[in-house]
Amino acid sequence: MKALVWVKIEELETSHITDVHSKCPRKGPADYVHVSMEVDEYIRIQEEAKAVWLKEQHNRNRQPKDWK
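Residues numbered from 1 in each chain as written. Predicted model: local features only at pLDDT ≥ 70, side-chain atom pairs only at ≥ 80, totals over all residues. Heavy atoms only, no water.

S.K.: Before we go on, may I ask you to explain the sheet that holds strand 1 (residues 2-8) in this structure?
M.R.: Backbone hydrogen bonds hold the strands of a sheet together, and the pairing may be parallel or antiparallel. Spatially, three strands are ordered 2-1-3 in an open sheet, and the strand pairing comes out antiparallel. Two strands bound the open sheet, and with one partner strand each, they are strand 2 (20-21) and strand 3 (32-38). Sheet topology places strand 1 next to strand 2; two bridges connect them, and they run antiparallel. If you follow Val 7 over to strand 2, its bridge partner there is Val 20. Contacts between helix 2 (residues 39-59) and the sheet are confined to strand 1, strand 2 and strand 3, with strand 3 contributing the most and set at about 115° to the helix. (Pairing = 2+ DSSP bridges. Helix = DSSP H or I, 4+ residues; strand = E, 2+ residues; numbered from the N terminus. Contact = heavy atoms within 4.5 Å. Axes fitted to C-alpha atoms, helices over the stretch in contact; angles between N-to-C directions.)

The structure is reproduced here in structure tokens:
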């Protein structure tokens, strides 16, 4: 099964996709392309983004020396 998503052109060219959108972003729509990817790849990208977000939330009120 495939997922249709919007990806930044720069990320697609470097093959390092970190952010995907289900709709074309209103900011700078010329910087995005519509691509199809495997659902497994889409889920992996979403999980990595969530892990980064959770880490940022965990460390937001801590001093850099206390970051985990």
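Here the narrative resumes, following the displayed structure.
S.K.: I tried to follow the pattern of salt bridges on my own but got confused; where do I start?
M.R.: Should the charged atoms of two oppositely charged side chains come close, the side chains can pair. Summed over the entire model, instances satisfying the criterion amount to three salt bridges. Where Arg 44 meets Glu 41, a salt bridge forms, and the shortest distance between an N and an O atom there is 2.5 Å. Here Glu 41 and Arg 44 lie together in helix 2, a separation of three residues that amounts to about one turn. Exposure remark for Glu 41: the relative accessible area of 33% places this residue in the partly exposed category. Across the salt bridge formed by Arg 44 and Glu 48, the nearest N and O atoms sit 2.5 Å from each other. A residue pair is termed a helical-turn pair when its members lie 3 or 4 positions apart in one helix, as Arg 44 and Glu 48 do in helix 2 at four residues. For Arg 44, a relative accessible area of 34% gives the class partly exposed. Residues joined in a network through salt bridges with shared partners are Glu 41, Arg 44 and Glu 48. (Salt bridge = Lys/Arg side-chain N within 4 Å of Asp/Glu carboxyl O. Buried < 20%, exposed > 50% of the residue type's maximum accessible area, 1.4 Å probe, protein only.)

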